Amino acid sequence: MPGVSLPKFYIATSIPYVNAPPHIGHALEFVQADVIARYRRLKGDNVFLATGTDENSLKNALSAEKLGMKTEDLCQRNSALFRDLVDSINMSYDTFVRTSLKGDHWKMTQILWDACNASGDIYKKKYSGLYCVGCELFYAEGELDGGLCPEHRTKPERVEEENYFFRLSKYQDRLIAAIEKDEIRIIPSSRKAEVVNFMRSGLEDFSVSRSVNRAHGWGIPVPGDPSQILYVWFDALGYYLTAAGIASDRKAFNEMWPIDMHVIGKGIVRFHAIYWPAMLMSGGFEVPRSILVHGYITVEGEKMSKSIGNVVDPMDVIRKYGTDPVRYYLMKEISTFQDGDFSDRTLKDVINNELVGNLGNFVNRTLTFISSKLGGKVEKQKLGDEDMELVGQITGLVGEVERMLEAEQLNVALLKILEISNLGNRYFQNSAPWKLIKEDEAKAKKVLFICANICRILGILTYPYMPSSAERLLGYIHETPSSFEEAKKLSNEFKVEKPEILFSRAE
RNA sequence: AGCGGGGUAGGGUAGCCUGGAGUGCCCGCCGGGCUCAUAACCCGGAGAACGGUGGUUCAAAUCCAUCUCCCGCUACCA
C-alpha cells in the first residue's frame, strides 16, 4: 500500500424520513457527526462525511396524494427542510444523498441486490403482517395501541403477500463473533450488550420487498422484478454505499469503504448492527468499523410528540440563539449516549454563564488587554515554576480532552475544555495584570503571554464544536484551526487584533 | 415477563468500565474582593451518609448480590 495518503475516515449520519419536518433530535445527530468529523480532520484524517434524506416511504406517496401533489415534489420540498438544517447547523458534509432521485442511489440497489442474490441469500416467501387499510401500512405489534391502529383505532387485518426475503439467519454466528470481537465496535458498550443479547435468542429472516400496488408505485423497483418495490432495508441502509461512490466511482469507493463510523439514534440500532452488516457480508463487502448510538431528546422533561405539540424546530432555536450556541448546548448539555433534555431556560443559562461569562469573557479580557495595553503584541517571557505548573495543568487537560474525544465522549471533552477557560479566568484574576502593568511590565506581559496561549488552545479545541466562533477567535490572533497537535504546544509570540464579542448574552 | 439504561447537595450534570479522602462543573442561596473584561470575573461559605439493604476489600458512588422507583427495547418500528 502506498503510504503517502492520509488515513481516511468515512462517517455518516442516518438519513431521516422526510414525512415530518426536522426536530431538535435530528440536529443532535448532525452535530455529533460533525464534531467527530471536524476533530478527525484536525487530527489529519481525510474525512468524508455523508448525510441525506430517506424519501421512498409509502407515507410520502400517501400524503402527496392527499395534498394533490406529485410525490417527487413533496419529497423535494421536505428534503429541502433537512438540507436547510444541516446547512444552518454548519455541518461540514461532503455529500447529501436523496434516495428518491433516480441516479447513483438506484444503481447502488442493483449492485447490492445482485451481490446478495449471488450469495443465495434472497428468496421468495409469503409475508404475513398486520395491515391497516386506512393507513395502507403494515404495523409491528409493538406499534399498535392495544391491538389497534394508533391512528384509526381499528383492528388491523392479517394480510399475506409474496415478497422477497433476506437470509439473516445464515449470518447469526458471524455477526455475533464480529460484534463480540469489536470488529464492529458498538458505542457505548451497553448497546453492544443489547445487540449480542438479542442475537443470541435467534435471528429470523426479514422481508425486503413489497408489492408495487401496496407501495403505490413509489420507491425503487426490485432488480429484475418490477412487480415488487424494495422495502426500506436495501434502499435506505444502502445509502452508505451510494454516498461512498459505489455506483459512480468504483475506485474511489474501494478506497473509501468500509465506513468507519455510523452515527445513529437508539431506535435503529438493530438495523445498523445486525441487518446491515449481514447484508454487507452477504454482498461481499467489509462491515462497518463502528456504530455510535445516541439517545433521544426530551423537551422540558417530556417526550417530544406531535400530539403534545412540544416538538422543537431546531431552525427556530438557531435563529433565536445562533448556530454555535445551539451546537454547544447539544454537545455539552445532552449526554452523548444517553437521553437528554432540551430546555429553553437551561439553554439561556448555559449561553450566559458558560459561553458569555466563562469562555467569551476570558478571550475578550485577554485579547482586549493585549490590544489596548500592550500594543497588540506579546512575545515569550521567562516563565517561573508557578507558571510552568499552570502550563502543565493546561497541557494535562488538553490530553484529557483528546482522550475523551477519542472515546467519543463529546460532552465530557467539552467539560474539560471549559475547565481550561476556567483556569484562564482564575489565573488572570489572581495575577491582576491590570495592576502589574503599572508596576512590573515584564510580569504583566508574562501573564498575558500565557493567557494568549490559553486562548489559542481554546480556539483549537473548541473548533470541532463551534467552528465559526473558533475561527473568529483564532482570527484575532492571526491563526487558523490547523491541527490538533498545535493545542499541545505554546506559541512564542502573538499579534493580536482588537476582538469583537464572541458570544452575546441571551435574554 | 425477559433484556438493557438510569436514580450523585434545592435543581441539572460529570465521576462508575480501569475501587483509594465526596472530587468537579452549571444554576440557585449567603458573605467578601476586583475593576482588564459582555453588571462579566475571582475568593470564601451553607447544602449530599452518591435510591434501600447485604456482601467482597485495608479501602466502594465506583465491584458483586438483592430490593425499590423511573425510562427504554423485545423483530421487520429509522
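Further up the page is the structure itself.
Report follows, based on the coordinates. (Residues numbered from 1 in each chain as written. Chains lettered and ligands numbered in written order. Predicted model: local features only at pLDDT ≥ 70, side-chain atom pairs only at ≥ 80, totals over all residues. Heavy atoms only, no water.)

## Re helix H12 (residues 323–333)
For the α-helix, the turn length of 3.6 residues means that residues three or four positions removed from each other point alike.
Here's step 1: Across the eleven residues that make up H12, a large majority, ten, are buried.
Here's step 2: Of the residues making up H12, those classed as buried are Thr323, Asp324, Pro325, Val326, Arg327, Tyr328, Tyr329, Leu330, Met331 and Lys332. (Buried < 20%, exposed > 50% of the residue type's maximum accessible area, 1.4 Å probe, protein only. Helix = DSSP H or I, 4+ residues; strand = E, 2+ residues; numbered from the N terminus.)

## A closer look at the pattern of salt bridges
Here's step 1: The full count for this structure, using the stated rule, is 33 salt bridges.
Here's step 2: A salt bridge links lysine 348 to aspartate 344, with the nearest nitrogen and oxygen atoms 3.5 Å apart. In this pair, lysine 348 and aspartate 344 both sit in helix H13 (residues 344–373), four residues apart, roughly one turn of the helix.
Here's step 3: Here aspartate 344 falls in the partly exposed class, since its relative accessible area comes to 23%.
Here's step 4: In this structure, a network of salt bridges that share partners links the residues Lys43, Glu402, Glu485 and Lys488. (Salt bridge = Lys/Arg side-chain N within 4 Å of Asp/Glu carboxyl O.)

## Re the protein's contact with RNA strand B
Here's step 1: Around RNA strand B, a shell composed of 54 residues is seen, among which Gly202, Tyr231, Val232, Trp233 and Phe503 lie nearest.
Here's step 2: For RNA strand B, a phosphate oxygen lies 2.8 Å from a polar atom in the side chain of asparagine 353.
Here's step 3: A distance of 3.4 Å is found between a phosphate oxygen of RNA strand B and a side-chain nitrogen or oxygen belonging to asparagine 422.
Here's step 4: Put simply, the parts of the chain that give the surface near RNA strand B at least two residues each are helix H6 (189–200), helix H7 (232–237), helix H10 (269–283), H13, helix H15 (410–431) and helix H16 (433–439).
Here's step 5: Take the surface near RNA strand B: its biggest share by element is twelve residues, from H13.
Here's step 6: Here the surface near RNA strand B is composed, by residue class, of 24 nonpolar, 16 polar and 14 charged. (Near = heavy atom within 4 Å. Polar contact = N/O pair within 3.5 Å; in protein donor to acceptor, adjacent residues only side chain to side chain. Nonpolar A, V, L, I, M, F, W, Y, C, P; charged D, E, K, R; others polar.)

## A look at the sheet that holds strand E12 (residues 261–265)
Here's step 1: An order of E3-E2-E1-E12-E13-E7 is seen for the six strands of this open sheet, with the pairing classed as parallel. The strands lining the two open edges of the sheet, one partner per strand, are strand E3 (95–98) and strand E7 (185–187). Neighbour to neighbour, the strand axes of the sheet diverge by 20° on average, direction disregarded.
Here's step 2: Here strand E2 (residues 46–53) runs beside E3; their pairing, made up of four bridges, is parallel. In the sheet register, threonine 53 faces E3, and the bridge partner there is arginine 98.
Here's step 3: Most of the contacts of helix H3 (residues 71–88) go to E3, to which it runs at about 155°, and overall it touches E2 and E3. (Pairing = 2+ DSSP bridges. Axes fitted to C-alpha atoms, helices over the stretch in contact; angles between N-to-C directions. Contact = heavy atoms within 4.5 Å.)

## What to know about the side chain of aspartate 387
Here's step 1: Checked against the element boundaries, aspartate 387 lands in helix H14 (residues 385–406).
Here's step 2: Beyond its immediate chain neighbours, meaning those up to four positions away, aspartate 387 contacts Tyr427, Lys446 and Ile450.

Treat this as a map of the structure, not an account of what it does.
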